[in-house]
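# Fold and geometry: a report
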Amino acid sequence: MKKVVLLFIVPGFILAGFGSCKTNPAELKANYPEWAKNAVIYEVNIRQYTPEGTFKAFEAHLPRLKELGADILWFMPIHPIGVKNRKMPEGMKESLGSYYSVRDYKGVNPEFGTEEDFKNLVAKAHEMGFKVIIDWVANHTAWDNQWVTGHPEWYEKDSTGKILSPFGWADVAKLDYRNKDMRKEMIASMKYWIERCDIDGFRCDVAGEVPVDFWEQARAELEKTKPLFMLAENEDKPQLLMKAFDANYGWRMHQLMHDIAKGKDSVHSIVKQVLKVDSVIPKNTFQINFITNHDENSWNGTAQEKFGPGENAFALLTYTLPGMPLIYSGQEAGLNKRLAFFVKDTINWEGNDLSPFYEKLNALKHGNEALWNAPYGGRFELVKNTVPGKVLSFIRKKGKNKVLVIVNLSNKYATVNLKGDKADGDYTDVFSGAAFTLNSSTLNLTLQPWGYWVMEAK
């Protein structure tokens, strides 16, 4: 066995003093369709994706996204946007409004095209092997949604009988889930898109603000049509994952990664969070891992603003830690612009092309069972190392499938050795293709700031 002395610009993670997450029992069965077991989700912002901002224009990107390795296309809300009380961005005289102010649950935003255009897009995506989910806003509607005038009893009101806005969002009206007729119509509206356009699931906005029993009722009814993948925009109500949803958001992990990038936290917190999530959510569900999405990009900063030179290191963790990785529109092009939310602001696709990086990670996610989503994926085991404050190192394994990850989550060079023989074996470097035999006792790996090493067992 040879001594390995290597210099890398990417990350790996090892931590002393922690236990390991136990493998999900083999007998556990996922509620979601099998096609989601090793999937990567891609969020599509139609308004900003092309100069035209239409479904038809987006179709030209499908071959590129297929080559990238995306599996599930999540479309931000496709419905007509409310005009009454529409939010106006500061300093602007016009606004296209918020996607999340829905004027008609069974309609299509005319800026994007027609229902037939969307139906054709879904059909083409299916032909290429994609699955399609749409954003669903069940907590509130636009003020000019016909429900407001036709069924005011479907909305929450204050003591004077005035319809309420949630969270002070003046452009929307809060629905009242005590009303059984409204629930029935909401489920019928969701079913409309499954039956008319053959979509494969929903990403549900502010899911925690809607009663759990409604979501359970909705899923049971919707799956009479076809099996679905259901994603909740929520993290603090794991009960949503018992029957209604297959995945929720890893916001806490995202914030921890941001804090580490800014030097405000340590790699120990990542491990604690992995173990916490493993102990809280059902074993046949998982979280969505991300370094950016539409909310983060528009309101809190681009991936480069939040993670700086560590962007790829943290993106790597979204693939190798337990969970499903999310790619946001433009992320693969190194998008370094906060896209305006209420007006047209087309993505510049001529940025820093990160496609080769994500193609490698997507191929690894698809092909190595150790990284599949719960309950199909492999064990998460911490591997002790000599620089536990800077470097995270761990193994994911399932059967003969094993991935070793070592990441320097600091802005300083780090020379690391692994402790014990847990990681010893024959590997192939995921990024370079180089093959070698690892002997932890002779490893002397030097990682550049934010450098990483990802190895796949032979």
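The following refers to the structure shown. These numbers were taken from a predicted model, which means no experiment stands behind them.

## As for the packing of helix α4 (residues 115-127) against helix α6 (residues 180-197)
Contact geometry of α4 with α6 gives a least axis separation of 10 Å together with a crossing angle of 65°. In terms of orientation, α4 and α6 fall into the roughly perpendicular class. When α4 is examined against α6, the residues Glu 115, Phe 118, Lys 119 and Val 122 are found in contact with a partner set consisting of Tyr 192, Trp 193, Arg 196 and Cys 197. Split by residue class, the contact of α4 with α6 holds five nonpolar, no polar and three charged.

## Comments concerning helix α13 (residues 311-320)
Taken across its ten residues, α13 has nine buried, putting it largely inside the fold. Those residues of α13 lying buried are Glu 311, Ala 313, Phe 314, Ala 315, Leu 316, Leu 317, Thr 318, Tyr 319 and Thr 320.

## Details of the environment of Glu 369
Topologically, Glu 369 is positioned in the loop between α14 (355-367) and β14 (379-382). Distance in space between the C-alpha atoms of Glu 369 and Cys 197 is 32 Å, their sequence separation being 172 residues. Setting aside chain neighbours within four positions, we find Glu 369 in contact with Tyr 376, Gly 377, Gly 378, Lys 398 and Asn 401.

## Observations regarding the nonpolar core
Core analysis: the biggest nonpolar cluster contains 110 residues, and Phe 118, Phe 202, Trp 215 and Leu 409 have the highest contact counts within it. In terms of residues, this core owes the most to one element, α6, which gives eight residues. Within the second largest apolar cluster, 18 residues are counted, among which are Val 383, Ala 414, Leu 443 and Met 455.

## Quick word on the side chain of Asp 345
Among the structural elements, Asp 345 can be located in the loop between β13 (324-328) and α14. The exposure class assigned to Asp 345 is buried, which follows from its relative accessible area of 11%. Aside from chain neighbours lying at most four places away, what touches Asp 345 is Gln 48, Lys 337, Arg 338, Leu 339 and Ala 340.

Conventions we followed
Residues numbered from 1 in each chain as written. Predicted model: local features only at pLDDT ≥ 70, side-chain atom pairs only at ≥ 80, totals over all residues. Heavy atoms only, no water. Axes fitted to C-alpha atoms, helices over the stretch in contact; angles between N-to-C directions. Helix = DSSP H or I, 4+ residues; strand = E, 2+ residues; numbered from the N terminus. Parallel < 35°, antiparallel > 145°, perpendicular 65-115°, else oblique. Contact = heavy atoms within 4.5 Å. Nonpolar A, V, L, I, M, F, W, Y, C, P; charged D, E, K, R; others polar. Buried < 20%, exposed > 50% of the residue type's maximum accessible area, 1.4 Å probe, protein only. Core = buried A, V, L, I, M, F, W, Y, C linked by side-chain atoms within 4.5 Å.

Geometry only, nothing functional implied.
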